[in-house]
Structures are given as structure tokens and as C-alpha cells.
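Structural overview for review
This is what each chain is made of:
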Amino acid sequence: MIYTKEDRAAIWLASQGLSNGKRNKLCQSVDYDILFLQENLSSLREKVSLIVGEEAYLKMYASVHPSAMQPYYLEMEKYGVTAITIFNELYPERLKEIKNPPLVLYAKGNLSLLKSEKTIAIVGTREPDRYGIDVTEEFATELTNHGYVIVSGMARGIDSIAHRIALKFGNPTIAVMGCGLDRVYPAEFVDLFNQIVDFGLVLSEYPIGTPPHGYNFPERNRIISGLSQGLLITQAGEGSGALITFDYAIDQGRDVFIVPGSVYNKQCVGSNSLLKSYSGCGVQTPWDIISETERLEERSPVVSSIELDFVEEKIVKMLEERDMHIEEIIRMSGLPIRELTSLLLKLELLGLVKRLSGNYYGA
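Keep in mind that what you see is a predicted model, and the values were worked out from it rather than measured.

This part covers the side chain of lysine 108. Locating lysine 108 in the fold gives a position in strand 2 (residues 104-109). No salt bridge is formed by the buried lysine 108. Its closest oppositely charged neighbour is aspartate 198, at 8.5 Å. Within the local environment of lysine 108, its side chain forms a polar contact with the backbone oxygen of tyrosine 79, the two atoms lying 3.0 Å apart. Apart from the residues within four sequence positions on either side, lysine 108 is in contact with Tyr79, Gly80, Val81, Leu181, Phe193, Val197, Gly200, Leu201 and Val202.

Dropping the structure here:
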């Protein structure tokens, strides 16, 4: 991989160990001109120190010279890791749309999968029962054999089951890690990790050397949903990390699908509670997902005449008055999230509304 000056500036900033919040605030302070930040760090000392602290500034300054980063590039090369920055043409367009997109994606495997259009995230509990295993295997089998690239987090339970099903049928899958790609977590998944590298793609926003800190995993969940057309939860207990991924998917405007579970099973409490709060998300067969996503894909953006029903007209008029977040549109329209996202996509294809950053919509 040949890195441009902008790429190298992004890799430099990503390697500093800053929190996403501080890094984004820093980028905003220079209008996201990271190369300018790197080349003028000395004159920007006061501004940068105010945001990241004096100690972090000194660390940045010590590594600002290109030669200081050379050992880091050698480490990436040693582990076969490629850095895909937000400036690179391979960087997924879907991911650019989300709040706080990763500045750099560290990758091992088939980089062309970054441009996959047909993707579905499958997540759930780390301790599935027989029902959760069977449901995940059934849905993952149909979806992967229907051409969907399965995205998940290579965690114990539902995640690893979904990855293994894709690999079983010789299909690609994408795993998003919560640590640097110089290590495997969980450690017992070394073989699975290597299989995904060989037949799919492993990603992380965390630089080489980053341990699997607990707080990394909720943060990385926004990437799992961000890469995907939609999110499927097959089984999730109360407090499951899958519920965090669901929140990200809603905020990102992704389709969400949930398999109902037994009311007597504690491993289904989380997913069942989502069904209660978000009507219209329930699915009973993989074909519910396939028919829904393909119906949206097949809609033509070219129409000879535009006829809107009452609800569609109401939403267009609301957005003509001001930009609105999707959650506000849900409240004001009274529509289930799944129905609303389908409607908004239709209006977007008709050229009547436009999707803005941060999951806002306007007309």
C-alpha cells in the first residue's frame, strides 16, 4: 500500500492513543485538515494542548517527524496490517456517514470487501442456548448463501457462530475487533481469526499494540452497524452488547431485524424488549430480511410522476421547514422505525428528501 501525505497524517494522529472524543474535537479545531495539523503542530501548541493536554501534545510532537513513525509502519508490515484512512478510496462510503467515523481502519484480508454493498450485521448474546444457536445458523446460512457478507465482532456466542457459517459455505465475512490486529481476542479464536483473514476481512480502528480494553468493544459496535445495510439480532439477554449495536444502528438509520424469543428465556429478554419498544422489527425467517432489503434495492430512482400519500406529504413538508433527526421524525410521524426508514429511502430516491450527516434528514 502506498500512503499519501494525508494518509500518513491520519495514521500519525490515529496512533496517538487519544480518545475518539478528543481526536474528533482536535480535528474539528482545524476543519479536519489533519495534514495542516501535523505540519503546523508547533505553532498550534496552545490550541492542541488545551484539547488533549500538555502530556499528549508532547507525545504528538515527539512523533511528528516522518522518521519517528517508521518503526510503526514496520510493525504494521510485520503483522500484515494495512491502514485504510478516511482519505483512501477504499474507505467504505457507509462508514463516512456515521457519527464519529474511525479516522483509520486497520485491515487484514481481502480489502475489496470494504466496498461490499450487500452486507448484514449479525450480533447477539455470548451465551446462546440451543434456540439461539439454531436460529443464528439458519439465518446466517440463508443470508450468506444469498450473497450477503456477514459482519460481526468475532465474540463468543452469536458473533462467532455467524462468522463460522459464512466460512463453512466458502463465503466471505468481516470481523470488527476491539483491539490491535497484532493480537487475537478471545485468544482461543486464533484459528477463526486466521480463517477470516484468508477468506474474508478483519478490521479494527485500534492501532497495533492496543490491548482488548473493555471500553473498546461498545465503541467498535458503531463500526459493525455502520458497515452494514441492516442489523440482525438473533438472541440477546438483558444488558447484552448487542443492544448497544442496536442503538447505533437506529442512530445510523440502518434497517433493524430481531428474531422473537421465548418470554420464559432470560437470554431473550433484551431482544424481546426491543421488539416491544420498536414495532415492525420482528422477523421469523431469513426471507423476511431478504425480501425487505431487496425490495428497497430494486426501487427505481427515476419516476415519470410523483404521487405521495398523506403521511409522505406530511414528512416532506416537515423536512421542508427544517432538518430533523430520525428519532424526531419517528415521534412526529408515529411510524414504526422499519416503516419510516423504508419511506425515507423512497422519498430520497424520488429526490424529495436528502440524508444528511449525523442521521438528520432535510428536503
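Let us keep going from here.
Read from one edge to the other, the open sheet built from eight strands follows the order 1-2-6-5-4-3-7-8, with strand pairing classed as mixed. Two strands close off the open sheet at either side, each with one partner strand: strand 1 (82-85) and strand 8 (255-258). Here the strands of the sheet are splayed against their neighbours by 25 degrees on average, with no regard to which way each runs. Sheet topology places strand 5 (residues 173-176) next to strand 6 (residues 201-204); three bridges connect them, and they run parallel.

Glancing now at a negative patch on the surface. On the surface, Glu6, Asp31, Asp33 and Glu39 cluster together to form a negatively charged patch. Tracing the backbone shows glutamate 6 in helix 1 (residues 5-14).

Here we take up the packing of helix 9 (residues 158-168) against helix 10 (residues 190-199). Viewed as axis vectors pointing N to C, helix 9 and helix 10 meet at an angle of 45 degrees, and their least axial separation amounts to 11 Å. Comparing the axis directions of helix 9 and helix 10 gives the class oblique. Between helix 9 and helix 10 the crossing geometry is left-handed. Contact residues: helix 9 offers Ser160, His163, Arg164 and Leu167, while helix 10 offers Leu192, Gln195, Ile196 and Phe199. Residues of the contact of helix 9 with helix 10, tallied by class, amount to four nonpolar, three polar and one charged.

Moving on: helix 4 (residues 45-52). If you check which residues of helix 4 are buried, you get Val48, Ser49, Ile51 and Val52. With its buried residues spanning 165 degrees around the axis, helix 4 presents them on a single face. Along helix 4, the residues that are exposed and aim more than 90 degrees away from the buried face are Glu46 and Leu50. Those residues of helix 4 that are buried are in contact with helix 2 (20-29), helix 3 (34-39) and helix 5 (54-62). Remark: glycine 53 follows helix 4 within two positions and exhibits a positive phi of approximately 95 degrees.

Glancing now at the sheet that holds strand 9 (residues 324-325). An order of 9-11-10 is seen for the three strands of this open sheet, with the pairing classed as antiparallel. The outermost strands of the open sheet, each flanked by one partner alone, are strand 9 and strand 10 (354-355). The pairing of strand 10 with strand 11 (residues 360-362) spans two bridges and is antiparallel. Along strand 11, the bridge assignment pairs lysine 354 with glycine 362.

Using the criterion set out here, one finds nine salt bridges in the structure. Among the salt bridges present, the one from arginine 45 reaches glutamate 54, with a minimum N-O distance of 2.2 Å. As a salt-bridge pair, aspartate 182 and arginine 183 come within 3.6 Å of each other at their nearest N and O atoms. Accessibility expressed as a relative area gives 30% for arginine 183, which makes it partly exposed.

This brings us to the packing of aromatic side chains. Throughout the structure, instances matching the rule amount to four aromatic pairs. Ring centres of tyrosine 3 and tyrosine 73 lie 5.8 Å apart, and the angle between their planes is 45 degrees; this geometry places the pair in the tilted category. Of this pair, tyrosine 3 sits in the segment before helix 1 while tyrosine 73 sits in helix 6 (residues 70-78); the two residues are 70 residues apart in sequence, bridging distant segments of the chain. Here the two residues tyrosine 3 and tyrosine 73 agree in accessibility, since each one is buried. For the cation-ring pair, arginine 8 lies above tyrosine 73, with the distance from its terminal atom to the ring centre recorded as 4.5 Å.

Within the fold, arginine 220 resides in helix 11 (residues 216-226). Of the buried charged residues, arginine 220 lacks a salt bridge, with aspartate 159 as the closest side chain of opposite charge at 4.5 Å. A distance of 2.8 Å separates a polar side-chain atom of arginine 220 from the backbone oxygen of valine 176. Setting aside its immediate chain neighbours within four residues, arginine 220 contacts Arg126, Gly153, Asp159, Val176, Met177, Gly178, Glu205 and Tyr206.

This brings us to the confidence of the model for the protein. Averaged over every residue, the pLDDT of the protein is 90; residues scoring 70 or more account for 95%. Residue range residues 298-306 is modelled with pLDDT below 50. Its contacts to residues more than four positions away, or to other chains, number seven contacts.

Attention now moves to the packing of helix 4 against helix 5. Helix 5 packs onto helix 4 with a crossing angle of 125 degrees between their chain directions and a minimal axis gap of 7 Å. By the angle between their directions, the pair helix 4 and helix 5 is classed as oblique. Helix 5 is crossed by helix 4, and the crossing has right-handed handedness. Counted together, Arg45, Val48, Ser49 and Val52 of helix 4 and Glu54, Ala56, Tyr57, Leu58 and Met60 of helix 5 form the full contact between these two elements. The residue inventory of the contact of helix 4 with helix 5, partitioned by class, reads six nonpolar, one polar and two charged.

Each value, and the rule that gives it
- Residues numbered from 1 in each chain as written.
- Predicted model: local features only at pLDDT ≥ 70, side-chain atom pairs only at ≥ 80, totals over all residues.
- Heavy atoms only, no water.
- Helix = DSSP H or I, 4+ residues; strand = E, 2+ residues; numbered from the N terminus.
- Buried < 20%, exposed > 50% of the residue type's maximum accessible area, 1.4 Å probe, protein only.
- Lys, Arg positive; Asp, Glu negative; His and termini not counted.
- Salt bridge = Lys/Arg side-chain N within 4 Å of Asp/Glu carboxyl O.
- Polar contact = N/O pair within 3.5 Å; in protein donor to acceptor, adjacent residues only side chain to side chain.
- Contact = heavy atoms within 4.5 Å.
- Pairing = 2+ DSSP bridges.
- Axes fitted to C-alpha atoms, helices over the stretch in contact; angles between N-to-C directions.
- Patch = residues over 30% accessible without salt bridge, like charges linked within 9 Å, V, L, I, M, F, W, Y side chains within 5 Å.
- Areas by Shrake-Rupley, 256 points an atom, 1.4 Å probe, with all protein chains shown as cover.
- Charge placed at Lys NZ, Arg CZ, Asp CG, Glu CD.
- Parallel < 35°, antiparallel > 145°, perpendicular 65-115°, else oblique.
- Left-handed = near helix turned anticlockwise from the far one by under 90°.
- Nonpolar A, V, L, I, M, F, W, Y, C, P; charged D, E, K, R; others polar.
- Arc of directions from axis to C-beta.
- Phe/Tyr/Trp six-rings, centres within 6.5 Å; stacked < 30°, edge-to-face > 60°.
- Lys NZ or Arg CZ within 6 Å of the ring centre and 35° of its normal.
- pLDDT = per-residue confidence, 0-100.

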